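Spelled out from the first residue to the last, the chains are:
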Amino acid sequence: MSHIKLLNIVGARPQIIKASAISRAIKKHYFGQITEIIVHTGQHYDKEMSDVFFEELEINKPDYNLGVGSASHGRQTSLMISGIEDILIKEKPDCIILYGDTNSTLAAAIAASKLHFPVIHIEAGLRSFNKTMPEELNRIVSDHSSTLLFAPTHAAFKNLMNEGFRPENSPPYTIDNPKIYLTGDIMYDNSKFFAALAEKKKTDFFDNLRLERDNYILVTIHRDTNTDDFERLNDILITLESLAKERNITLVMPLHPRTIVSLKKNLYGLYCELFGSKLIKIIPPVSFLEMILLEKNSRMIITDSGGVQKESHFFKRPCLVLRRETEWVELVNNGTARLVDADPVKITDEFNNMYDSLSMLEYPGFYGDGKAAEFILKEVLLMFEN
Ligand code: UD1
Ligand code: UDP
């Protein structure tokens, strides 16, 4: 039986949440076989974007925090690359695990592959086919720097095949002979694991927010295309405000700091108006357990987040996606998520369509069996036995 040392790389909020599934599976199934070293790039740093997840999801404190913070893409990524490189040289891990598609993912993929450390990419193969989206380039480079690639969905697996990855490759696996797997989604593992705990631990949450279960719509907005384009942001918010009034329903918006910064700077009048509205609750980012409660008990979810789109499905809630395209195409094909861009007409039409047909929608299991993390670690260990 082999023993391996792996570097677990996090940086942005969703990666900390994703890493908790891997940390939990190590503790539960592979204790003594896998030593985990957690590296936080510091891409997200506010308490409610970072610390809260370590505390609540019981992840070990990072062994390293590079404290990179916010900056332009190039500057942020380059600081991360050099910081991760130093750690790789010092720690000499057997492999490095990365999640998703952020600048932290890209930096870790570049730093590790250049030094010939095997890269394991979780959430591989997702594509928006829109290379102006910063995440798309991050995904492509990370996938093509990896040795083991774990695709969460059939669509992601197929994308990898279309880019030349071959499932029939046999060991030993290397960056030039990579292995691809269809695994299901570790975020489904997390939602299953934490849903019951959320109800148990956060009993006062709805009372404190003065919110009635099943009588509100959950909204999140953070994608650069929406926050940095004031016309789009304005169109989205004005349309949602008017729909809330028409239906007399509350909108709960835990907003990413990026969105708040943009609203205050560029749409201050609208920001004040929304704050003054009885039907709109703009709140700071919430913890993952709180987010699960908000998702599970909402009537509908409106978002531009990748993670929140999927969670809408896990909790059987219809979803309007404030984007032109999505990587989670199975949701749109299923009709339970609708692409509405930032278009007032599309938002209004699809909102009304969804609102009036809530109980008729079906939510098949697209994302595995809730044991993706366990499967991934088993395959990682196997790589070192071969
Ligand atoms: C990043 C990812 C995105 C992911 C998102 C998850 C990239 C290119 N983008 O976007 O794919 O969906 O994380 O949330 O990696 N800020 C704070 N406090 C923080 C963090 C950020 O105030 O703790 C503000 C700063 O003004 C910063 C802005 O948010 O400039 C953007 O942060 P950044 O990490 O660059 O990108 P995200 O939009 O968070
Ligand atoms: N999330 C959270 N609190 C919030 C907003 C989101 O815990 O206030 C969680 C959400 O449940 C999901 C993840 O953060 O698991 C998604 O992160 P985000 O929307 O920032 O990024 P994306 O998934 O689009 O990369």
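Okay, so let's go over this structure. (Residues numbered from 1 in each chain as written. Chains lettered and ligands numbered in written order. Predicted model: local features only at pLDDT ≥ 70, side-chain atom pairs only at ≥ 80, totals over all residues. Heavy atoms only, no water.)

Here we come to helix 10 (residues 230-247). Under the 1.5 Å per step criterion, the end-to-end length of helix 10 is 26 Å for 18 residues, consistent within 8% with the ideal 26 Å. When we look at burial in helix 10, the residues that qualify are R232, L233, I236, L237, T239, L240, E241, L243 and A244. (Helix = DSSP H or I, 4+ residues; strand = E, 2+ residues; numbered from the N terminus. Expected span 1.5 Å × (residues − 1). Buried < 20%, exposed > 50% of the residue type's maximum accessible area, 1.4 Å probe, protein only.)

Okay, the sheet that holds strand 8 (residues 216-220) next. Paired through backbone hydrogen bonds, the strands of a sheet run either parallel or antiparallel to each other. Read from one edge of the open sheet, six strands run 10-9-8-11-12-13, paired in parallel fashion. Of all the strands in the sheet, the pair left with one neighbour each is strand 10 (280-283) and strand 13 (337-339). Neighbour-to-neighbour, the strand axes of the sheet open up by a mean angle of 20 degrees, direction not taken into account. Pairing between strand 11 (residues 300-303) and strand 12 (residues 319-321): three bridges, direction parallel. Its bridge partner being in strand 12, I301 is matched across the sheet by C319. Contacting strand 8, strand 11 and strand 12, helix 14 (residues 306-314) crosses the sheet at an angle of about 165 degrees to strand 11. (Pairing = 2+ DSSP bridges. Axes fitted to C-alpha atoms, helices over the stretch in contact; angles between N-to-C directions. Contact = heavy atoms within 4.5 Å.)

It is worth spelling out the environment of T153 at this point. Relative to the elements of secondary structure, T153 occurs in the loop between strand 6 (148-151) and helix 6 (154-162). Sequence separation between T153 and E123 is 30 residues; the distance between their C-alpha atoms is 8.7 Å. Those residues within four positions of T153 in sequence are excluded, and the remaining contacts are L126, L182, W328, E330 and Y367.

What follows is about unusual backbone geometry. Between P171 and P172 the backbone carries a cis peptide bond, its omega angle lying at 0 degrees. Residue position: P172 is located in the loop between helix 6 and strand 7 (179-182). Even without being a glycine, E58 presents a positive backbone phi close to 50 degrees. Mapped onto the fold, E58 is located in the loop between helix 2 (51-56) and strand 3 (64-65). Judged by relative accessible area, E58 falls into the exposed class, the value being 58%. The phi torsion at E123 lies on the positive side, around 80 degrees, for a residue other than glycine.

Let us now look at the nonpolar core. With 73 residues, the main nonpolar core has I22 and L294 as its most contacted residues. Excluding residues that lie within four positions of it along the chain, L294 makes contacts with F205, F206, L209, L211, Y216, L218, V252, P254 and V286. Listed in part, the 34 residues of the second largest apolar core include L237, Y271, V340 and I347. (Core = buried A, V, L, I, M, F, W, Y, C linked by side-chain atoms within 4.5 Å.)

What follows concerns the site of ligand 1. The environment of ligand 1 is formed by 19 residues, the closest being H44, N103, E135, H256 and R258. Here Y45 contributes a backbone N or O atom positioned 2.9 Å from an oxygen atom of ligand 1. Take H222: an N or O atom from its side chain is 2.9 Å from an oxygen atom of ligand 1. Coverage of ligand 1 by the protein chains reaches 86% of its 740 Å² of free accessible surface. Put simply, the parts of the chain that give the shell around ligand 1 at least two residues each are helix 3 (73-91) and helix 11 (257-266). Looking at the shell around ligand 1 residue by residue, the class counts come to five nonpolar, nine polar and five charged. (Near = heavy atom within 4 Å. Polar contact = N/O pair within 3.5 Å; in protein donor to acceptor, adjacent residues only side chain to side chain. Areas by Shrake-Rupley, 256 points an atom, 1.4 Å probe, with all protein chains shown as cover. Nonpolar A, V, L, I, M, F, W, Y, C, P; charged D, E, K, R; others polar.)

As a further point, take the pairing of strand 11. Burial along strand 11 is two-sided: the face carrying M300 and I302 and the face carrying I301 and T303 are both buried. The pairing of strand 8 with strand 11 spans four bridges and is parallel. Considered in strand 11, the bridge of V219 is made with I302. For the handedness criterion, the β-α-β arrangement of strand 11, helix 14 and strand 12 is classed as right-handed. (Right-handed = clockwise from strand over helix to strand, strands pointing away.)

So yeah, pure geometry; function would need other evidence.
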